[in-house]
Amino acid sequence: MQKSLDVVIIGAGHNGLTCACYLAAAGLSVRVVERRHIVGGAAVTEEFHPGFRNSTASYTVSLLNPQVIHDLKLAQHGLRIIERPFSNFVPLADGRHLKFGSTAAQTGAEVAKFSQRDAERLPSFYARLDRVADQLRHWVLESPPNLGGPFVVEGWRDLVAAAKLLMQLGRLPREGQRDLVDVFTKSAGDWLDSWFESEPLKAVLGWDSIVGNYASPYAPGSAYVLLHHVFGEVNGKRGKWGHAIGGMGAITQAMAAEAQARGVRIDVETPVQRVIVEDGRATGVELKSGEIVRARAVAANVTPKLLYRRLVDVAVLPADFVEAIDRTKYGSGTFRMNVALSELPDFAALPGTASQPHHASGITFAPSLAYMDRAWHDAVAHGYSREPVVEMLIPSVADDSLAPQGKHVASLFCQQFAPTADWSVLKERAVQAIFDVVQSYCPNFRASLLGYRAMSPVDLENDFGLTGGDIFHGQLSLDQLFSMRPVLGYARYRGPIAGLYHCGSGAHPGGGVTGAPGHNAAREIVRDLG
């Protein structure tokens, strides 16, 4: 008879692996079961065209928490992250371009090409943005208070957490408090329009507000999505973005190596049929093979909707909780592509197929906030944007392990594509619309294209279990953040069933390759299991 485990984890994505490592470090026995043939969830590196490998879904590094990197000894397992030479390159149709996010002096000089006033205001903007981000960084690795009940908070731990939060916010100057309210309530577009006048600058800053966000940059709350992408750092440098040598799979392979070194058992091609609930408590899982895996606790690194509408019998759940789960919003409007190229893109705005610094940056094909707004409205009307927003990364410029010598791979991360559209009909049209956008800035693009893999929202759901193709495991809207994530009353990584925990991005602090939900969930599980 199989010995009972302390914890079984559903899903070997980066948060599941992070959770497993911390649990094992606390002396608990852990088994991770993964549906796919490879660990990593959406953070994997796979071959998509003969001889060409790339990060399949998630594609760039910044949000991975430095505490997680340190505690899981990822560098010792071979993880190496290199910074972009500058954050973003924005080519324009009139032949001009913006290089953004290098040194303060270089960025200021670039912005001044479009507006001297904006260049002068940019340091003040970043100072105020960073002040707000610093406040929220304090809470990335903290459990939010559970709200509910006659005293607003549920218990003494929630009261302490809420008091700590209020004290931190109270230390902000009044100007900072106003900025914090603006971030959570205003649109990114309105916020940026109040600061700046040049469209390329507003576009490069506004891009972060629609990453994984099926909405206009003028949608209320989109300013928070922008802020969510400012939390990160690379190699100790805040606000930077980078590339993991070997692709995003290098992160999760390092995590898996550390988990196994700590005694964690990881099984791939092992899908779960259901969570076993007995006498109101999760006591294990039944695999699709028929195997029963008993455990003192179950941690789910899948979306809350997938967990509670497919893996848990609805009859054991409170009706109001089921209703709340059904009302949660999913769908990031994301279309993800990898392309194999015979040569580097030759930009009309900065010509040449020899490697240049802009080839190693995040290349943003979206000249203005108005363009982004039109892209969303077009997707609402037609199911996909006929002129989508595209970010291109070319990791093979810095990482020769991904493509044959002299050839290249590029990631195309694209917005806006209706999550509920009929992608069996629209997929090829969307692909061609994306290619048209890139071709309009890089005249050699189509001629250099050797092959590609395209993933629509439905592909992201089918391949990775991302409900509605939502890369964040649920939208980052105000009603689905912090104490409301995944739903009000269940913020501390626990649902209504004892022994069943949320360790994925559907829990605080939300999506991105951070490791934070897995870290925080492990702390709560250890607290409960002793």
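Notes on the structure in this doc start here. Values in this document were obtained by computation on a predicted structure and should not be read as measured data.

## Looking at the side chain of Thr-283
One can find Thr-283 in strand β13 (residues 281–287). At a separation of 2.9 Å, a polar atom in the side chain of Thr-283 contacts the side chain of Glu-278.

## A few points about the environment of Ala-315
Counting through the fold element by element, Ala-315 comes out in the loop between α11 (304–311) and α12 (319–327). Residues Ala-315 and Val-140, spaced 175 residues apart in sequence, show a C-alpha to C-alpha distance of 34 Å.

## Observations concerning the pairing of strand β3 (residues 45–49)
Note: β3 against strand β4 (residues 52–55), 4 bridges, orientation antiparallel. Its bridge partner lying in β4, Glu-46 is registered against Asn-54. Taking the residues that link successive antiparallel strands as the turn, the β3-β4 hairpin has 2 residues, and the phi of Gly-51 there is positive, at about 90°.

## Thoughts on the pattern of salt bridges
One pass over the structure, following the stated rule, counts 35 salt bridges. The salt bridge involving Glu-175 is made with Arg-131; its shortest N-O contact spans 2.8 Å. Of this pair, Glu-175 sits in helix α6 (residues 174–185) while Arg-131 sits in helix α4 (residues 116–137), placing them 44 residues apart in sequence. Using a relative accessible area of 24% as the deciding quantity, one classes Arg-131 as partly exposed. The residue Asp-479 makes a salt bridge to Lys-329 at a minimum N-O spacing of 2.8 Å. With a gap of 150 residues between them, Asp-479 in the loop between α16 (457–464) and β20 (500–502) and Lys-329 in the loop between α12 and β15 (334–341) connect regions that are remote in the sequence. Using a relative accessible area of 44% as the deciding quantity, one classes Asp-479 as partly exposed.

## Considering α4
Between its terminal C-alpha atoms α4 stretches 32 Å, which fits the 32 Å expected from 22 residues at 1.5 Å a residue. At Leu-122, α4 is bent by approximately 35°, the largest bend along its length, and proline Pro-123 sits one to four residues beyond. Taken residue by residue, α4 has Asp-118, Ala-119, Leu-122, Phe-125, Leu-129, Val-132, Ala-133, Gln-135, Leu-136 and Arg-137 as its buried positions. In this structure Ser-115 caps α4, since a side-chain oxygen of it lies 3.4 Å from the backbone nitrogen of Arg-117.

## Structural notes on helix α7 (residues 188–195)
Every buried residue of α7 is listed here: Ala-188, Gly-189, Trp-191, Leu-192 and Trp-195. End-on, the buried residues of α7 take up no more than an arc of 165°, which puts them together on one face. The elements touched by buried residues of α7 are α4, α6, α8 (199–210), α9 (222–228) and α13 (369–382).

## Section: the packing of α4 against α6
To characterise two packed helices, one gives the angle between the axes of the helices and the distance between these axes. At a minimum axis separation of 10 Å, α4 and α6 run at an interaxial angle of 80°. Classified by the angle their axes make, α4 and α6 are roughly perpendicular. Touching Arg-128, Arg-131, Val-132 and Leu-136 of α4 are Glu-175, Gly-176, Asp-179, Leu-180, Val-183 and Phe-184, all from α6. Classifying every residue of the contact of α4 with α6 gives 5 nonpolar, 1 polar and 4 charged.

Cut-offs applied
- Residues numbered from 1 in each chain as written.
- Predicted model: local features only at pLDDT ≥ 70, side-chain atom pairs only at ≥ 80, totals over all residues.
- Heavy atoms only, no water.
- Helix = DSSP H or I, 4+ residues; strand = E, 2+ residues; numbered from the N terminus.
- Polar contact = N/O pair within 3.5 Å; in protein donor to acceptor, adjacent residues only side chain to side chain.
- Pairing = 2+ DSSP bridges.
- Salt bridge = Lys/Arg side-chain N within 4 Å of Asp/Glu carboxyl O.
- Buried < 20%, exposed > 50% of the residue type's maximum accessible area, 1.4 Å probe, protein only.
- Expected span 1.5 Å × (residues − 1).
- Bend = angle between axes of the 7 residues up to and from the residue.
- Arc of directions from axis to C-beta.
- Contact = heavy atoms within 4.5 Å.
- Axes fitted to C-alpha atoms, helices over the stretch in contact; angles between N-to-C directions.
- Parallel < 35°, antiparallel > 145°, perpendicular 65-115°, else oblique.
- Nonpolar A, V, L, I, M, F, W, Y, C, P; charged D, E, K, R; others polar.

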